[in-house]
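Structural features, examined
Below are the chains, spelled out letter by letter.
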Amino acid sequence: MYTLPKIERFNQDVLSKYHIYNSVFITLPFDSIDNTGVLLPLFTETCETGFKKQETPKEIFDFFSNKYLNNASETEKIDLMFRFIQYIERQIVLFDAIEDAAFPAVNNMEGRGSLRDIKEKSDAKEKDEELIEFLESFNVRTVLTAHPTQFYPGPVLGIINDLTEAIRLNDLLKIKQLLAQLGKTPFIQNEKPNPYDEAVSLIWYLENVFYETSGEIVHYLQKNILQGKAIKNQLIKLGFWPGGDRDGNPFVTTEITLKVAERLRTSILKCYYVEMRNLKRKLTFSGVDTLVAELENKLYRSVFYSKEGEIYITLEELLVELNKIRKIIIENHQSLYLHELESLLVKINLFGFHFATLDIRQNSKIHDAVFHDVVNYYLNSDSKIFPNNYFELSEEEKLVVLSKVKGNLNPADFDNEITKSTLESVQAIKTIQENNGEFGANRYIISNNESALNVMETFAMIRLNNWENPTVDIIPLFESVDDLQKAHEIMEQLYTNPEYAAHLTARGNKQTIMLGFSDGTKDGGYLMANWSIYQAKIELTQISRKYGIKAIFFDGRGGPPARGGGKTHKFYASLGPKIENNEIQITVQGQTISSNFGTLDSCRYNIENLLSAGVTNQVFSKEKNELSKEETAILTQLAGLGYDKYLSFKNHLKFIPYLEKMSTLKYYSKTNIGSRPSKRSKSEQLDFADLRAIPFVGSWSQLKQNVPGFFGVGSALKHFEETNQWDKVHDLYHNSLFFRTLLENSMMSLAKSFLPLTAYMRKDPEFGEFWQIIYDEFLETERLLLKIAGHKTLMENYPDGKASIQIRERIVLPLLTIQQYALLRINELNKEKGHNEELIKVYEKVVTRSLFGNTNASRNSA
C-alpha cells in the first residue's frame, strides 16, 4: 500500500478529526455552551462574508448582534464576546492536541533530514569516516529562554499533553472527559509568574521530552554509525535562561539563580533514579543486583532526602559503578539488558549533574554603570588597581588596564542593588560549578554589545571576584545592524589582547559569539537583518581563523520569520565553507518550545533536522552552498534597498503613534505570562530603542499585518524588475538555498497576514496614509514572491503547513474581529465627554483576553 501525499495525511489525521472532536464541545454539560457553540459558527460566517464586503469589524459585529441576539444590551454583547473567546481558546487547544497527535503520521519521521536518511546518504556516498569524525566534533545546543510568548498556564499544558495521547489512541471517552476538564480550567493567571516559576514550567520539557529524545538520538548513532562505540563528544547540549537572564528583568535575583540551578540538578538526578529503579527490576543477577541497588539508594537519597543541596553520590562515582556493572554484564551475563544500561550511560554523558547549562545574561549598559561603581570604589579606597585618571583614558588605554586587574570584591560593600546583584551573579557561577560541575553555568552573555570594552569590562569584573583563571566563556551579543557590521573589528581587538588571548587558549581556543535576529529585524528590517548576520558570520569566521580561534555562533532566534524563526534548519544547511559551523546554537522560546519541541515526536524530528543540517553543510555538500561574488553583490543590493524602504517606514512620524493607538502593544504588559517587563525602561513615554522585540513583533501579528517579516522585500525585488535585472534575482532564488529559505519564510509571514481585518484604517484621518503604505508594500511583496517562486498561491509548496495556517486563521477570525471591535469601542469611548472608565476597562480586558488566543493559535507569532 502506497503512502498518501502529505496534504492527504494532514486532511485525514488532522482536519477530519478536528471536525469530529470539535462537535463534541456542544454536547458538554456547561451553562450556555450549547448556545455559544451554535452562535459561533454563525459569527464566523458573518465575519468571512463581512470582510469580503469590506465591512469594518464594528459593522460586522453589529450586523451579527442585530440578526441573532434579539435586542441585546451592550453588557449582553460583551458577555457573549467573552464566551466566544473562552470557546475559541479551547478550540485552539483541541487543534494543537490533534496536530501534536498526528505529527508522526503527517511528517515522515524516517524521511529527509532524519537519522536514517543521514545513514543511508553516508553509505551511498561512502562518507562513513567523515560522518564519524563530524559526530565527534559537532554540537547542537538548544537554549530554552523565559521570553513570554507562551500563554497556556501549567494545568492547560498538562491537559494538552493528556489530550494528545487520548487522540492518538482514539479514546473518545477520555477525550470527552479532558474536553470537559478543559472547559472548567482557567486559561488566565491572576499573577505574573516569578522567574523560578518560569524555570519550573520549562524544566518539565527537559524531564519529559528532551531527556528521552536526546538520549535516543545519540544511542541510535552509536549503535548504527559508530558500531556500538560511545560518542565521547557531547553531541546534544541544552541551555537554560530562566533564572539566569537578568537583562531587563529585575526579578532575577542571586537567590533565584542558585535555586534554579539546584532544581536542574535535582531534576536530572530524579531522571537517573527512575531509570535505575527500572534497571533494578531487570538486572537481578548475581554480582550485579547489589551494585544496582546501592546506586538506586544513593540517587534516591540525593533526590528526596537532600538537605541544603547535599547529595550522596558524585558524577565520577556513578559512571565508575555503571561501567563496572556494564563489564560484568558483558563478561558474565551474555550482555543481557546491555542496551538499557548503555542508554542510561549515554544520557549521563550528555547531561552530567547539570542537565542544562544555566546562562547568565546582562545588558552592556548595566555593566557600564556597575563598572563605574566598581572603579570608584577602588579609587575611594586608595587602591592602586585602577589609575586615578581611568575615566579620562582612551578605549585602547582602558583595555590595557582592564586586561591586568585582579581583586577580591565583596558585593556587600556596595549600596547600589544592581551593582551588588551583578557581582553576586559571578559568585553564583562559581557556586553552581562547585555543585553541578562546570557545565552547570559557564557562559556569561553581554547583550547589546557595542565594543571590545564591553567584553573586557565583563572579563575584568569576573577576575575582580577573586577568579584569576575563570572557567567561563564570555559571549558578546551583537544585535543592531551597526554593531553587526563592526563585530569582526571588535573581535580582532579582543584576539590581539594578550590576556584575553590567554583566556581563550585556556578555553580551548573557542569563542562563542551571539547574533540577535529579533532586534536586528526591529532595527534594520527583514532583509538587512538576515543578510547582516550572514555577512557578519563570514567576517567573524575569517578574523577568528586568522588568529587560530574557532568561532561558535549562537543565534538568538524567536518563533516567527521576523525573529529568525521559520524553516530554521534550512538556513544551517545553506551555510557555505566561509562560515564556521561546528555548532548550531539557537534560542527556543515560548510557543516554539511547545510547538517544535513539545512532544517526543516533534522534538526528535526537529533536533534530527538540525543535526542533518550540520551534516549536509559539512559532510555532503561542503562546497555547494558558497555564494559567488555576483550573488553576494545582488544580496547586498537587495538588503540595502530593503533597508532604505524599512528605514523610511520606521522613521515615519506615525510609526510609534500607530503602534501605541492602533495595535495591542500596550496590552502586552497587562498579560501575566512572564516575569519580564515588556520594555527596558520605566518611562511612560514609548521609546523605540527600549521596546522589546516580542511585543513589537507580536503587535504586528495581532493586527494580522506581520510587517517585520516582509516589509522592504517587495520594494527590493521591484527594483530588479523595473531595471530589467529580474533574471538575476530569479536565478539567485533557484540556486541559493539561503536566499530561497529567506523568501519562503517571508511568504509564511504573508500567509499569516489578513489585511481586510484593518482595512477600515485606510479611512482614518490620522493613520489612513500610514496603513496604505503597509498595504501597498504587502501587495507588492506578495506579487513578486509569487512571481519569483513560480507559484499561484503563497506556500503552495508546503500544502500541509498552508492548510494548518488556514484552519488556525479561520478558528481565530472571530477573535480577531472581537479584538478590533473592542479597540474601536475604546477609541470611541475615550473621545466621549465624561467617558465611561468602567466600560473602557471591560473592553481592555476583551483585548487582552483575545490576545492570548490569537498568539496561541499562530504558534510562532512572537
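What counts and how
- Residues numbered from 1 in each chain as written.
- Predicted model: local features only at pLDDT ≥ 70, side-chain atom pairs only at ≥ 80, totals over all residues.
- Heavy atoms only, no water.
- pLDDT = per-residue confidence, 0-100.
- Helix = DSSP H or I, 4+ residues; strand = E, 2+ residues; numbered from the N terminus.
- Contact = heavy atoms within 4.5 Å.
- Phe/Tyr/Trp six-rings, centres within 6.5 Å; stacked < 30°, edge-to-face > 60°.
- Buried < 20%, exposed > 50% of the residue type's maximum accessible area, 1.4 Å probe, protein only.
- Lys NZ or Arg CZ within 6 Å of the ring centre and 35° of its normal.
- Pairing = 2+ DSSP bridges.
- Arc of directions from axis to C-beta.
- Core = buried A, V, L, I, M, F, W, Y, C linked by side-chain atoms within 4.5 Å.
- Axes fitted to C-alpha atoms, helices over the stretch in contact; angles between N-to-C directions.
- Parallel < 35°, antiparallel > 145°, perpendicular 65-115°, else oblique.
- Left-handed = near helix turned anticlockwise from the far one by under 90°.
- Nonpolar A, V, L, I, M, F, W, Y, C, P; charged D, E, K, R; others polar.
- Salt bridge = Lys/Arg side-chain N within 4 Å of Asp/Glu carboxyl O.
- Polar contact = N/O pair within 3.5 Å; in protein donor to acceptor, adjacent residues only side chain to side chain.
- Expected span 1.5 Å × (residues − 1).
- Patch = residues over 30% accessible without salt bridge, like charges linked within 9 Å, V, L, I, M, F, W, Y side chains within 5 Å.
- Areas by Shrake-Rupley, 256 points an atom, 1.4 Å probe, with all protein chains shown as cover.

Now for the confidence of the model for the protein. Taken residue by residue, the protein gives an average pLDDT of 89. The fraction at 70 or more is 93%. Predicted confidence in the protein is weakest over helix α21 (residues 517-524), with a mean pLDDT of 75, and strongest over strand β3 (residues 357-358), with 98. Between residues 672-681, whose pLDDT stays under 50, and residues either more than four places distant or in other chains, the model counts 51 contacts.

What the rule picks out here adds up to 48 aromatic pairs. Here the aromatic rings of F43 and F64 are separated by 5.0 Å at their centres, their planes lie at 55°, and the arrangement is tilted. Within this pair, whereas F43 is found in helix α2 (residues 33-52), its partner F64 is found in helix α3 (residues 57-68), the two being separated by 21 residues in sequence. A single burial state applies to F43 and to F64, both of which are buried. By the ring-pair criterion, three or more aromatic residues cluster together here, those being F649, F655, Y658, F696, W700, F710, F711, F767, F770 and F778. Lying over the aromatic face of Y390, K398 brings its terminal NZ or CZ to 5.4 Å of the ring centre. Lying over the aromatic face of F767, K654 brings its terminal NZ or CZ to 5.9 Å of the ring centre.

Not every positive phi belongs to a glycine, and D382 is a case in point at roughly 60°. Assignment of secondary structure puts D382 in the loop between α14 (364-380) and α15 (395-402). Although it is not a glycine, N448 adopts a positive phi angle of roughly 55°. Tracing the sequence through the fold places N448 in the loop between β5 (443-447) and α17 (452-463). Residue classification places N448 among the buried residues on the basis of a relative accessible area of 17%.

A separate point is the pairing of strand β7 (residues 510-516). With 6 of 7 residues buried, β7 is to be regarded as a mostly interior element. Across 2 bridges, the pairing between strand β6 (residues 473-478) and β7 is parallel. Paired with F478 across the two strands is L515, which belongs to β7. Two strands pair when backbone bridges link them, and β7 and strand β8 (residues 550-556) are joined in this way by 7 bridges, in the parallel orientation. Counterpart to L515 in the pairing with β8 is D555.

This part covers helix α5 (residues 115-125). Taken residue by residue, α5 has L115, D117, I118 and S122 as its buried positions. An end-on view of α5 places all buried positions within 160° of arc, on one side of the element. On the buried face of α5, the contacting elements are α6 (128-135), α9 (195-224) and α25 (600-620). Positive backbone phi, at 55°, marks E126, one or two positions downstream of α5.

So, on to the environment of A536. Here A536 is to be found in helix α22 (residues 526-546). A relative accessible area of 2% means that A536 is categorised as buried. Placed 52 residues apart in sequence, A536 and L484 show a C-alpha to C-alpha distance of 5.9 Å.

So, about the pairing of strand β4 (residues 360-363). Side-chain alternation along β4 places I360 and Q362 on one buried face and R361 and N363 on a second face that is also buried. Direction of pairing for β4 relative to β5: parallel, over a ladder of 4 bridges. Within the sheet, the bridge partner assigned to Q362 lies in β5 and is I446.

The next point concerns the nonpolar core. F240, Y272, F386 and W700 are the most contacted members of the largest nonpolar core, which has 194 residues in total. Excluding its chain neighbours within four sequence positions, the residues that come into contact with F240 are V143, L144, A199, L202, I203, L206, V260, L264, A356, T357, L358 and D359. Membership of the second largest hydrophobic core comes to 69 residues, among which are I60, F82, I98 and Y667.

This next bit is on the packing of α9 against α25. One can describe the packing of α9 onto α25 by two numbers: an axis separation of 9 Å at closest approach and a directional angle of 50°. As judged from the angle between their axes, α9 and α25 are oblique. For α9 against α25, the interelement crossing comes out right-handed. Counting all contacts with α9, which are made through N208, V209, F210, E212, T213, S214 and I217, the residues of α25 involved are L600, C603, R604, I607, E608 and L611. Considered class by class, the residues forming the contact of α9 with α25 number 7 nonpolar, 3 polar and 3 charged.

Moving on, we come to the sheet that holds β3. Strands sit in the order β3-β2-β1-β9-β8-β7-β6-β5-β4 across an open sheet of 9 strands; the sheet is parallel. Each end of this open sheet is capped by a strand with a single partner; those strands are β3 and β4. Sheet strands touched by α9: β1 (139-145) and β2 (236-240). Its angle to β2, the strand with the most contacts, is close to 175°.

Counted according to the given criterion, the structure contains 51 salt bridges. Between E74 and R825 there is a salt bridge, with the nearest N and O atoms lying 2.8 Å from each other. With E74 in helix α4 (residues 74-106) and R825 in helix α33 (residues 799-831), the pair connects residues that are 751 residues apart, well separated along the chain. By relative accessible area, which is 10% here, R825 ends up buried. One salt bridge connects K324 with E321, and the closest N-O pair in it is separated by 3.4 Å. You can see K324 and its partner E321 sitting in helix α12 (residues 315-332), 3 residues apart, about one turn around the helix. The exposure class assigned to K324 is partly exposed, which follows from its relative accessible area of 39%. We classify E321 as buried; its relative accessible area is 17%. One network of salt bridges, in which partners are shared, links K718, E721, E722, E780, R783 and K787.

Once that is clear, we can look at the side chain of T185. Along the chain, T185 falls in the loop between α8 (172-184) and α9. Among the polar contacts listed, one links the side chain of T185 to the backbone oxygen of Q181, at a separation of 2.6 Å.

Quick look at the environment of V346 now. You can see V346 is positioned in helix α13 (residues 338-351). Once the C-alpha coordinates of V346 and K232 are considered, the two residues, 114 residues apart in sequence, prove to be 9.4 Å apart. Aside from chain neighbours lying at most four places away, what touches V346 is G215, V218, H219 and Q222.

This part takes up α8. With 13 residues, α8 extends 19 Å between its outermost C-alpha atoms, agreeing within 8% with the 18 Å of an ideal straight helix rising 1.5 Å per residue. Within the span of α8, buried status applies to I175, L178, L179 and L182. Down the axis of α8, the sector holding all buried residues measures 105°, keeping them to one side. Turned more than 90 degrees away from the buried face of α8 sit L173 and K184, all of them exposed. Those residues of α8 that are buried lie in contact with α1 (6-24), α4 and α7 (154-168).

Another point: the side chain of E744. Tracing the backbone shows E744 in helix α31 (residues 737-751). Beyond its immediate stretch of four places on either side in the chain, E744 contacts K570, Y733, N797 and Y798.

Together, Y300, F304 and Y305 make up a nonpolar patch on the protein surface, roughly 320 Å² of accessible area in all. On the secondary structure map, F304 appears in helix α11 (residues 289-304). For F304, a relative accessible area of 44% corresponds to the partly exposed category.

This part covers the packing of helix α19 (residues 487-495) against α22. Between α19 and α22, whose axes approach to 9 Å, the crossing angle comes to 15°. Relative to α22, α19 is oriented roughly parallel. Considering the relative orientation of α19 and α22, their crossing is right-handed. Every residue of α22 that contacts α19 at A487, H488, M491, E492 and Y495 is listed here: E539, L540, I543, S544 and K546. Grouping the amino acids of the contact of α19 with α22 by side-chain chemistry returns 5 nonpolar, 2 polar and 3 charged.

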